[in-house]
Amino acid sequence: MFKTVGVVGAGQMGHGIAQISAAKGVAVRLMDRDEEALATGLEKIRKGLARQERRGLIGEADVGDTLARIETGTDFSILADCDMVIEAASENEEVKRDIFKKLIPHLKAEAMLASNTSSISITRLAAATDRPAQFCGCHFMNPVPAMNLVELIRGLATAEETFEAFQTYAEALDKTVAVSEDFPGFIVNRILLPMINEAIYTLYEGVGSVTAIDTAMKLGTKHPLGPLELADFIGLDTCLAILGVLHGDLADSKYRPCPLLVKYVEAGWLGVKTGRGFYDYSQDVPRPTR
């Protein structure tokens, strides 16, 4: 188990990874170039821990101890003493490559690296660093504290020692590990995003309304969320980015993003995080936007 873990990105995924790591006694360095993002991430961690305390899952002392283990900063130098750093930035390969370029000069030689990417080649990302043998894909599910799965992905150069270290880390966080080969989308999103995309095509072609599609899939297939609800929760920009990777890397037309998804993203209707997607979240009960 890593003693000191760095997390780059305090957004939707990063603050969750920081929270569960700190809760297990790990010293965490949470880094984001945006001070507001750091403040928001920390507030979400506090609220998440408070919910757990109200439910009797943790005690008051656990809340204080967990928060005390999280150090934040806006400079990569805060990650200098980390045994491992996990990148949890937006699903954009150029952004991730730029992060690793700026991060690497600050790391100790033995530090391991991971990406929380949900679709991008681990081999390509690792090759952009000075330590591909010490690089692994470590894909948490959203929301991180509640979801039990972690996908682990070996890049072509990933050393077995590195992979085992990340498996130990994930299991110490009480996560179940699913091992995926390094193919676009890995396991979960290779299956999930085409389903979401097909649901959007079903809406686009007028086969059913937003409500009808989500109701049909929840009651007809026992899914806890309908595909359009889930797309809003994931973020429509993230859905589009993953489909872009699947379509671009696999060159198969079945992964072509629905034009309606592209239109929503262009409009800034990204789902829950912007208050509007396939549903409008401005009131207590979300309302379909189509």
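Heads up: the structure comes first, above all this text.
The shown structure was predicted, so the numbers you read here are calculated from the model rather than taken from an experiment.

## Section: the state of the cysteines
1) Next: Under the defined criterion, the tally for this structure stands at zero disulfides.
2) Next: Considering cysteine sulfurs only, C258 is the nearest to C239, which forms no disulfide, with 12 Å between them.
3) Next: Its relative accessible area of 1% is what places C239 among the buried residues.

## A short note on the packing of aromatic side chains
1) Next: The final tally for this structure, using the stated rule, is eight aromatic pairs.
2) Next: Here F140 and Y169 contribute two aromatic rings whose centre-to-centre distance is 6.4 Å and whose plane-to-plane angle is 80 degrees, an arrangement assigned as edge-to-face. In this pair, F140 is assigned in strand 6 (residues 135–140) and Y169 in helix 6 (residues 160–172), connecting sequence segments 29 residues apart. Grouping residues by exposure puts F140 and Y169 together as buried.

## Points about the side chain of T66
1) Next: Mapped onto the elements of the fold, T66 is located in helix 3 (residues 60–68).
2) Next: Setting aside chain neighbours within four positions, we find T66 in contact with Q19, A22, A23 and L49.

## Here we look at the sheet that holds strand 4 (residues 84–87)
1) Next: In space, the eight strands of this open sheet follow the order 3-2-1-4-5-6-7-8, with mixed pairing throughout. Looking at which strands have only one partner, the edges of the open sheet turn out to be strand 3 (70–73) and strand 8 (176–180). Shown here is a sheet whose adjacent strand axes are inclined to one another by a mean of 25 degrees, direction ignored.

## Quick word on the environment of P259
1) Next: Residue position: P259 is located in helix 11 (residues 259–266).
2) Next: Separated by 59 residues in sequence, P259 and I200 have C-alpha atoms that sit 9.0 Å apart.
3) Next: Other than its neighbours up to four places away in sequence, P259 contacts Y201 and Y204.

## Things to note about the packing of helix 7 (residues 188–204) against helix 9 (residues 227–234)
1) Next: At a minimum axis separation of 9 Å, helix 7 and helix 9 run at an interaxial angle of 115 degrees. Between helix 7 and helix 9 the crossing geometry is left-handed. Listed contacts from helix 9 to L192, M195, I196, A199, I200 and L203 of helix 7 are P227, L228, L230, A231 and I234.
2) Next: Looking at the contact of helix 7 with helix 9 residue by residue, the class counts come to 11 nonpolar, no polar and no charged.

## Remarks on the pairing of strand 6
1) Next: With six of six residues buried, strand 6 is to be regarded as a mostly interior element.
2) Next: Here strand 6 shows no split at all, with F135, G137 and H139 on one side and C136, C138 and F140 on the other all buried.
3) Next: For strand 5 (residues 112–115) and strand 6, the ladder comprises three bridges, and the chain directions are parallel. What sits directly across from A114, in strand 6, is C136.
4) Next: Once you follow strand 5 into helix 5 (residues 122–127) and on to strand 6, the crossover reads as right-handed.
5) Next: Sheet topology places strand 6 next to strand 7 (residues 149–154); five bridges connect them, and they run antiparallel. By the bridge assignment for strand 7, G137 is matched with I153.

Thresholds applied
Residues numbered from 1 in each chain as written. Predicted model: local features only at pLDDT ≥ 70, side-chain atom pairs only at ≥ 80, totals over all residues. Heavy atoms only, no water. Disulfide = S-S within 2.5 Å. Buried < 20%, exposed > 50% of the residue type's maximum accessible area, 1.4 Å probe, protein only. Phe/Tyr/Trp six-rings, centres within 6.5 Å; stacked < 30°, edge-to-face > 60°. Helix = DSSP H or I, 4+ residues; strand = E, 2+ residues; numbered from the N terminus. Contact = heavy atoms within 4.5 Å. Pairing = 2+ DSSP bridges. Axes fitted to C-alpha atoms, helices over the stretch in contact; angles between N-to-C directions. Left-handed = near helix turned anticlockwise from the far one by under 90°. Nonpolar A, V, L, I, M, F, W, Y, C, P; charged D, E, K, R; others polar. Right-handed = clockwise from strand over helix to strand, strands pointing away.

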